[in-house]
Amino acid sequence: MKVKIVNKSGFDLPAYESIEAAGMDVRAALKEPVTLGAGERMLVPTGLFIQLPSGYECQVRPRSGLALKKGITVLNTPGTIDADYRGEIGVILINLSKEPFVINPGERVAQLVVKQYARIEWDAVERLDDTQRGAGGFGHTGTN
């Protein structure tokens with residue numbers, strides 16, 4: 001599937017890093033380094049604008065290595081870019097570590113995953129069908 005993209009970042013387009021990768025790394029479109037302090041959040045520009053086909057979304061997800069090694073993650077994960085949005089893709093990063101983190105121009109800060117989705121219509125009813133699980137929720141299947 002081809003997706004139209006405008007790249008004003010000055011960096012390479014997001015790309016799959018391996019043959020089976022689901023996500024494409026996206027880079028910070030910064031002119032100079034920016035420091036994200038401990039506990040701070042920031043909207044990081046990407047310089048990217050996309051045109052998705054109807055029935056698709058683009059999810060903005062954290063990079064696992066950045067999260068594990070530096071405590072940097074996407075705050076509203078996954079962020080959703082709707083098919084009718086034409087503005088710049090921004091990444092809301094948060095620093096969950098106790099140390100400041102410097103975001104350098106062109107640094108890979110998140111990943112993008114394009115997904116198909118289904119739209120639904122609600123069917124208001126008075127009762128739902130029974131299942132074996134029923135209303136069991138958070139932790140109901142474990143003993144701890």
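Located above this text is the structure these notes cover.
The residue count restarts for each chain, going from 1 along the sequence in the order it is written. Selection of residues for local features in this predicted model requires a pLDDT of at least 70, selection of side-chain atom pairs for listing and counting requires 80 or more, and totals for whole chains, interfaces and linings are taken over all residues. Side-chain calculation: all heavy atoms of the structure are included, whereas hydrogens and water are not.

K.L.:
So what's going on with the sheet that holds strand 9 (residues 79-81)? Which residues, and what values?
P.N.:
Any two strands with at least two DSSP bridges between them are considered paired. Labels follow the DSSP assignment, with helices taken as runs of H or I lasting at least four residues and strands as runs of E lasting at least two, numbered in each case from the N terminus. Pairing in this open sheet of 5 strands is antiparallel, and the strands run 2-3-12-7-9 from one edge to the other. The open sheet has two free edges, formed respectively by strand 2 (15-16) and strand 9, since each of these has just one partner strand.

K.L.:
Can you tell me about the side chain of Arg63, naming the residues and giving the values?
P.N.:
Tracing the sequence through the fold places Arg63 in the loop between strand 7 (56-61) and helix 1 (64-70). Working definition: with a 1.4 Å probe on protein chains only, accessible area under 20% of the residue-type maximum means buried, over 50% means exposed, and in between means partly exposed. Take Arg63: its relative accessible area is 19%, and that puts it in the buried class. Polar contact is the term for a pair of N or O atoms within 3.5 Å; when the atoms are in protein, one must be able to donate a hydrogen and the other to accept it, and sequence-neighboring residues count only if both atoms are side-chain atoms. Among the polar contacts made by the side chain of Arg63, one reaches the side chain of Asp25 at a distance of 3.4 Å.

K.L.:
An account of the sheet that holds strand 5 (residues 41-45) is requested, with residue identities and associated values reported.
P.N.:
Pairing within the open sheet is antiparallel, and its 3 strands lie in the order 5-10-8. Strands with a single pairing partner mark the edges of an open sheet, and in this sheet they are strand 5 and strand 8 (72-74). Strand-to-strand twist across the sheet, computed as the mean angle between neighbouring axes with direction ignored, equals 35°. In terms of strand pairing, strand 8 meets strand 10 (residues 90-95) through 3 bridges, oriented antiparallel. What sits directly across from Val74, in strand 10, is Leu93. Lines are fitted to the C-alpha atoms to define the axes, a helix being fitted only along its stretch in contact, and any angle between axes, read from their N-to-C directions, falls within 0 to 180 degrees.

K.L.:
Lay out the pattern of salt bridges with the relevant residues and their values.
P.N.:
A pair can form between side chains of opposite charge whenever their charged atoms are brought close. Whenever Lys or Arg places a side-chain nitrogen within 4 Å of a carboxyl oxygen from Asp or Glu, that contact is recorded as a salt bridge. A complete count under the given rule lists 3 salt bridges for this structure. For Arg63, the salt bridge is made with Asp25, and the minimal N-O distance between the two is 3.4 Å. Residue Arg63 is located in the loop between strand 7 and helix 1, and its partner Asp25 is located in strand 3 (residues 24-27); the two are separated by 38 residues in the primary sequence. The salt bridge partner of Asp25 is Arg108, with a shortest N-O separation of 2.8 Å. Within this pair, whereas Asp25 is found in strand 3, its partner Arg108 is found in strand 12 (residues 108-116), the two being separated by 83 residues in sequence. Judged by its relative accessible area of 11%, Asp25 is buried. We classify Arg108 as partly exposed; its relative accessible area is 30%. By sharing partners, the salt bridges in this structure join Asp25, Arg63 and Arg108 into a single network.

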